[in-house]
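# Coordinates in review
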Amino acid sequence: MTTQSRTTYVHLIGAVLRYTVLGIGLSVTLLPFVYVLLSSLKTPSEIIHIPPTFFPKAPTWQNFTTIFGDPKVPLGLFFFNSSIVAVARVGVTLFTSSLAGYIFARYEFGGKGVMFAIIMAQIMIPFQMIMIPLYLILVKLQLIDTLWGLIIPAMIDAFGIFMMRQFIEGIPRELIDAGRIDGASEFQIYWNLILPQLSAPLASLGIFTFMATWNDYLWPLIVITTHERRTLPLLLTWYSNSHGSRPSLTMAASVIVLLPIVLIYILFQRQIVANAATSGFK
Amino acid sequence: MATPGSLQRAQRRFAFSVMTPIMIYLMVFSLLPMIWAVILGFFDYSPARVGGSIFGLGESNPFVGLKNYIAMFGDSQPAGVFRHSVYNTFLFTVLVLPLNLAITLPLAIIIERSHARVKGFFRAVYFLPTVTSAVAVALIWGAIYNPQAGLLNSLIRTIGLTPPKAWLSDPQAFVFGIPLAMIALIVAHLWQDFGYNLVIFIAALQGIPQNLRDAAMVDGANEQQMFWYVTLPLLQPTLLFVCVMTILSSLQMFILAQVMTTGGPREQTTTMLMSIYSNAFRYQNMGWAAAMSMVLFGIIMLFTIIQFRFLRSDWEY
């Protein structure tokens, strides 16, 4: 065997090994998704059958129709709860982050450094430390057990402000000066000239905030007590606990909750992954 | 057109009209809760009792000084649970960190080397579990671990082995002294979480300039030497960042354990955050819970400071 062909041979083995590892990783990653999907299509008797099956013998939509037809599970309402909280938090976060980021990037005023430090200190404060007093404050404000209680404590995002400031610092000052010469007010400059430049970072921050809010569990668990005000993750644990003997229903409910976020991920996969890679925040 | 003086005034007015509400908001929803949390830790406070006039502190919610902190070392039942939760949280973190790195770093290197066309595909699929709801993940893995009809045990039976009698609820099951339920939880957590570190490593690897690798190649470095003497040192800042972020998120483990095991069997998977949550919101024992949250805060702060202290890159390229 010549050296030439030996190196190609070694290369080939390397490639085969690499793709084997990647393939195993792929199966392990996707298997739970496939499993929940297939389980959700099984009949209640098949899913507890021993020995268990992997593929449903007679695939059925029965579990989904049971959930959709359950008067105690008005799915539309729970989707509405989750959506309204997510949309409100995305909207408010994008507005406050871009506005404050703009001020910090382009204005000079007394106390600016201190204010920026106060905001950045928020990043270091773990939520678990303030959640107990925050709950007591919401009790005083009578916001417990309301969707407002999920929105109002999350209106300022230190990371969002930081990210917007970084980005706005790259926008030429001439743009703002031109606005001033045209007689635009300060807010008009922000709204008409700055904001349209921010579509990329706003999209990143928006997607991230949406996903974090949609999957949020601990804070809604603390704040929400009334069934009708539950968000989807809360609904899911409640549903699972109250249908313990019928796992196929829980699997179908999980699919219903997972589906929208997986669709969003498929649509925005590139931005979401790039976002996580550069910011590294969870 | 306005004079420069009046223009500056208008700008300052705008800046203050934006910053004032933000600062007031942060005082109410951030500074106040922080101070309140510290104070609560020194009180025997329950929201079920009326207490004094200021935030319900005092009277039926008396000031107890360091009693909550001292009680952590005592032999009361909640103190035992708390110490158990500290141990569990550290055990979880100490196991998750090396396992996570052992999966993500090699996998990132392999993906980095594969063909550009498949690279994006693998990265996207591996990242998928991180965006899915942790509650759904917990329910799916709960079904996988089901002793009778679960996927895992049927796989184990297929290859002719005898599976354990329960993955999540057998208090007698240990592997190398680690509760089996904890191991099951860690596997589910790794599955959900590895995508984050993976994409961060891939991005860092892509940032290593090709000329450095070329130079090492010219010097006759083999693959292993390349990894230990070129790639790894250049990844050092990323590695530290990833370690600290993984430690911080592991220390705050909550959802998977809460939904999959509710801390059982026999508190073997109760984490600090779960202990804080149930004491504060289930047993209404908020003074005690606040003191525990201070301990967790202290631990988290320590690692945050380590990150800020050492996260200055020694390498410029």
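Above this text is the structure in question.
Keep in mind the model is a prediction, meaning the values are calculated, not measured. The residue numbering used here restarts from 1 in each chain and proceeds along that chain's sequence as written. Chains carry letters from A onward and ligands carry numbers from 1 onward, assigned in written order. Local features are withheld for residues below a pLDDT of 70 in this predicted model, meaning they are given only at 70 or higher, and side-chain atom pairs are given and counted only at 80 or more; totals for whole chains, interfaces and linings count all residues.

## A short note on the overall build of chain A
As a reminder, the rule being used: Only DSSP runs of H or I reaching four residues or more are called helices, and only runs of E reaching two or more are called strands; each is numbered from the N terminus. Three exposure classes are used. Buried residues have 20 or more other C-beta atoms within 10 Å of their own C-beta, exposed residues have 12 or fewer, and partly exposed residues fall in between, all C-beta atoms being placed from the backbone. Any two residues are considered in contact once their C-beta atoms, placed from the backbone, lie within 7 Å.
Scanning chain A from N- to C-terminus turns up 14 helices and 0 strands. Secondary structure of chain A in N-to-C order comes out as α-α-α-α-α-α-α-α-α-α-α-α-α-α. Reported as C-alpha extents along the three principal axes, the dimensions of chain A are approximately 75 × 75 × 35 Å. The buried share of chain A, reckoned over its 282 residues, is 37%. Across chain A, every contact between residues at least 6 apart in sequence was considered, and the portion connecting residues at least 24 apart equals 73%.

## Quick look at helix H7 (residues 180–206) of chain B
Residues spaced three or four apart along an α-helix face the same direction, because each turn holds 3.6 residues. Applicable threshold: Each residue after the first adds 1.5 Å to the expected span of a helix. A residue's bend is given by the angle between axes fitted to the 7 residues ending at it and the 7 residues starting at it.
Taking 1.5 Å as the rise per residue, H7(B) with 27 residues should run 39 Å; its terminal C-alpha atoms sit 38 Å apart, in good agreement. At B:Asp193, H7(B) is bent by approximately 45°, the largest bend along its length.

## Observations concerning the interface of chain B and chain A
This is how it is decided: Classification convention: Asp, Glu, Lys, Arg as charged; Ala, Val, Leu, Ile, Met, Phe, Trp, Tyr, Cys, Pro as nonpolar; all other residues, Gly among them, as polar.
Every contact between the two is made by 74 residues of chain B and, on the other side, 68 residues of chain A. Here the side of chain B that touches chain A takes 21 residues from helix H1 (residues 4–40) of chain B, the largest share from any one element. Residue composition of the side of chain B that touches chain A, by class: 60 nonpolar, 11 polar and 3 charged.

## What to know about the nonpolar core
Keep this limit in mind: The term nonpolar core refers to a set of buried Ala, Val, Leu, Ile, Met, Phe, Trp, Tyr and Cys residues connected through C-beta atoms within 7 Å. Where each domain starts and ends comes from a domain assignment, either automatic or drawn from a database.
A:Ile132, B:Ala138 and B:Leu256 are the most contacted members of the largest nonpolar core, which totals 137 residues. Ranked by the residues each element gives to this core, the list is headed by H7(B), at 16 residues. When we break this core down by domain, the ones giving at least three residues each are domain 1 (36–65) and domain 2 (77–310) of chain B. When near neighbours in sequence (up to four residues on either side) are disregarded, A:Ile132 contacts B:Ala37, B:Leu40, B:Ala280, B:Met286, B:Ala289, B:Ala290 and B:Ser293.

## Some thoughts on the packing of helix H4 (residues 116–131) of chain B against H7(B)
Residue and element names in this part refer to chain B. Let me state the cut-off plainly: Throughout, an axis means a line fitted to C-alpha atoms (over the contacting stretch in the case of helices), and angles, computed between N-to-C directions, take values from 0 to 180 degrees. Should an angle lie under 35 degrees it is considered roughly parallel, over 145 roughly antiparallel, and from 65 to 115 roughly perpendicular; all remaining angles are considered oblique. Two helices cross in a left-handed way if the nearer one is turned anticlockwise from the farther one by less than a right angle. They cross in a right-handed way if the turn is clockwise.
At a closest axis distance of 6 Å, the pairing of H4 and H7 adopts a crossing angle of 135°. As far as their axial angle goes, H7 and H4 are oblique. In the packing of H4 onto H7, the handedness of the crossing is left-handed. Contacts from Arg123, Tyr126, Phe127, Pro129 and Thr130 in H4 reach Trp191, Gln192, Asp193, Gly195, Tyr196, Leu198, Val199 and Ile202 in H7.

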